[in-house]
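Single-letter residue listing:
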Amino acid sequence: MSQDGYNYLFIGLSFALYIWIAFRQQAGSTKEYYTAGGGVSPCANGMATAADWMSAATFISRAGLLATSGYDGSRFLMGWTGGFVLLTVLMVPFLRKFGKATVPDFIGDRYYSKLARFVAVVCAIFICLTYIMGQMRGVGVVFQNLFGISISAGVWIGGSIVFIYAGLGGMKGITYTQVAQYCVMAFAYTIPAVFIAIALTNQFIPQLGFIGDYLREGQEPVPFLQKLDEVNRELGFAEYTAGSLSKIDMFCITAALMCGTAGLPHVIVRFFTVKNVKAVRTSACWTLTFIAVIYLTAPTIGGFARVNMIETLHQTPHAEAPTWFKDFEKNGQMKWTDKNGDGNIQYFGPQEEAKGNANELTFGSDIMVMANPHMAGLPKWVIGLLMAGCIAAALSTAAGLLLVLSTAISHDLMKKIIKPDLSEREEINWARGASLGALLVAIYFGINPPSEFIAKTVAFAFGLAASSFFPTLLMGIFSRRMNKEGAIAGMAVGILFTFSYIVYFQFFGGTKEQYFFGISPEGIGFVGMLLNFAVSFVVSRVTPAPPQEVTELLDNVRYPDKEGAESVIAHH
Amino acid sequence: MSFAIVSVFKVGPWLVRNQEINIHMANSKGALERYWKANIKIVVGLLLLWFSVSFGCGILLRDWLDAHFPSVGSAPFGFWMAQQGSILCFVGILILYAKLMAKLDHQIQSEGGTER
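Reference entry: report on the structure contained in this document. Fair warning: this is a prediction, and the values are worked out from it, not measured in the lab. As a convention, each chain's residues are numbered from 1 in the sequence order in which they are written. Chains and ligands are labelled sequentially in the order written, the chains with letters from A and the ligands with numbers from 1. It should be noted that, the model being predicted, local features are given only for residues of pLDDT at least 70 and side-chain atom pairs only at 80 or more, the latter also being counted only at that level, while totals for whole chains, interfaces and linings use all residues.

### Section: the overall build of chain B
Then, in step 1: On a plain count of helices and strands, chain B comes out with 4 helices and 0 strands.
Then, in step 2: Here a strand is any run of E in DSSP of at least two residues, a helix any run of H or I of at least four, and the numbering for each starts at the N terminus. Secondary structure elements in chain B, listed N-terminal to C-terminal, are α-α-α-α.
Then, in step 3: Counting all 116 residues of chain B, 34% fall into the buried class.
Then, in step 4: The contact criterion used is a C-beta to C-beta distance within 7 Å, with each C-beta placed from the backbone. Intrachain contacts of chain B at a sequence separation of at least 6 include 48% that bridge at least 24 residues. Counting other C-beta atoms within 10 Å of a residue's own tells you its class, since 20 or more makes it buried, 12 or fewer makes it exposed, and anything in between is partly exposed; those C-beta atoms are placed from the backbone.

Have a look at this one:
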């Protein structure tokens, strides 16, 4: 069978599976639509959360970014896994105990105010829209790669599929779809890594190959990382193990990503689908384990692919270049211009370029994962699986986000603020309508992205979440004195500050010299978060304390195992 | 009803000294406070661990660790922590959290039982 045949087969099969699951698991009530009825097993929820969590950016461009950024890329690795520690020990057990369907629900009740609920709804919509754009873009890139259609057509196709199963099936539909999607992703990501690890280092486990020896016939074995550093140095790139970001920027970006993770509404609501607080904790262990499988593999794929690509392409006559290279050239993802006219491909980094050696090869970081199996000469079905995995990654995250967007509008805005007498049927219809609206906006921005790299668009969503939800939720749980005035002021200041900083440097030509303490827009969410903490603390101390019902609510939330407490009483 | 009776048993000795306090509240408040304090202790401990393996080893002390610590395979220690080690530690931290909290839940329940 041809490569196209395998691609169509894997993608077609996976789509059929997702839609089949979605139809079997259609949500009948709002409880099923918002939280899948609350009875998902911890392990299944762990897989679903991992799929929800790992976006197109993680899947497609993470390894590529890691390959070119080396140590600097660690900020993504630590940021997006470490956030789960914060999320688990500080947030979800308590929010689950509170037992409502959405994050604005908690904020609205804890801060006894429609305005706080409204601000939370706006923040949720904002974060999810920023995030979902990157996902739609990711779907577009995969489809372009696959079928040679334009990115915008790809975005439209992906969007329609997400609408079918997320908009109609609700949380119940997407949970079980995401379980399937995680499996597809995990296989698609690790199998090529295992193959290439065996080829380059003779190790079955890529993580061991990464710290093991690089083997080539007729050459002395050298430690792989040393080889990677050498290759980079020779071509005038920064060494892989060296870092270029300042410590403060690195610290701030990592912190923003971690706290952002803990404030992302679409991840938090995933933990509302399990039975009780104990199940939340177990589920979080599963989630991080499943995520770690992919994140521990990402740097190895990046490193292997980079060495392999340079060894294959650098100084190779263009006429003799492998077919995969020509394919990527044809669809415009790799570009070669013969600047010195010798007919060979030269790939040089900034330091060699400064010496007058022109770089002739350009490509986006998205290409590493896509090209990896081709470069390693893996069987065709692996590539088909990989394509299905890419699409699974983008679809699962987009679906999770879409759900939060639609519930924010149907539940928090319509039912709780504008029209309290909404019937359950009407509420679900509003949710479905809202998901369609949100999707159209996401599709528009997927076609006209405000930022170059998929990963960057996503990183901004984290900054926004870190500066708005994280402090507000945290203080809502851990501070008895925090009141509505403090929370609203904090959220507003945090998100406005972060948003305007990002917009200024992205759209109005701000330069690096103007960075606040050398902190890039990616890391500014951390500063926004500190501002949020400070503002809400000060404002809450000069305004009246929260009413008694709220402190009672807090006591209730803080004692997570109510079932346990009741059983003690019953026991006597 | 049975709840009220149990409450009297639980806080009985203490109540002699503090007659005016509502027995119902005193019992649940006391248990809650102990539970919450123990919970905070666990959280703070684990977060210290979390901070030191990621921000500590991976970022702030990275250069020093690279130079002074034995390397992991061929990877310098600080670098390896940033790219792989911290993630493994995070998983460990969450497993520990689930275990410790389960133990705490159990403890507070059996404590309620022995007080009778």
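Now, onward.
### Considering the packing of helix H13 (residues 277-313) of chain A against helix H16 (residues 367-375) of chain A
Residue and element names in this part refer to chain A.
Then, in step 1: Contact geometry of H13 with H16 gives a least axis separation of 10 Å together with a crossing angle of 60°. Classified by the angle between their axes, H13 and H16 sit oblique to one another. At the point where H13 passes H16, the crossing takes the left-handed sense. Two secondary-structure elements touch here, H13 through Ile301, Gly302, Ala305, Asn308, Met309 and Thr312 and H16 through Met368, Val369, Asn372 and Met375. Angles run from 0 to 180 degrees between N-to-C directions of axes, and those axes are lines fitted to C-alpha atoms, restricted for helices to the stretch in contact. Throughout, the term roughly parallel applies to angles under 35 degrees, roughly antiparallel to angles over 145, roughly perpendicular to angles from 65 to 115, and oblique to all others. Working rule for handedness: look at the near helix, and if it is turned counterclockwise from the far one by less than a right angle, call the crossing left-handed; if clockwise, right-handed.

### Description of the nonpolar core
In globular proteins that are soluble, nonpolar side chains generally tend to be buried together.
Residues and elements named next belong to chain A.
Then, in step 1: Only buried residues count toward a nonpolar core: Ala, Val, Leu, Ile, Met, Phe, Trp, Tyr and Cys, linked into one set through C-beta atoms within 7 Å. One finds Met185 and Leu402 to be the most contacted residues of the largest nonpolar core, which totals 212 residues.
Then, in step 2: The dominant element in this core, judged by the number of residues it contributes, is helix H17 (residues 380-418), at 22 residues.
Then, in step 3: Apart from the residues within four sequence positions on either side, Leu402 is in contact with Ile132, Val162, Ala166, Gly167, Ser435, Ala438 and Leu439.

### What to know about helix H6 (residues 103-110) of chain A
Residues and elements named next belong to chain A.
Then, in step 1: For H6, the buried fraction is high: 7 of the 8 residues fall into the buried class.
Then, in step 2: Inspection of H6 places Val103, Pro104, Asp105, Phe106, Ile107, Gly108 and Arg110 among the buried residues, and these make up the whole buried set.
Then, in step 3: Positive backbone phi, at 35°, marks Tyr112, one or two positions downstream of H6.

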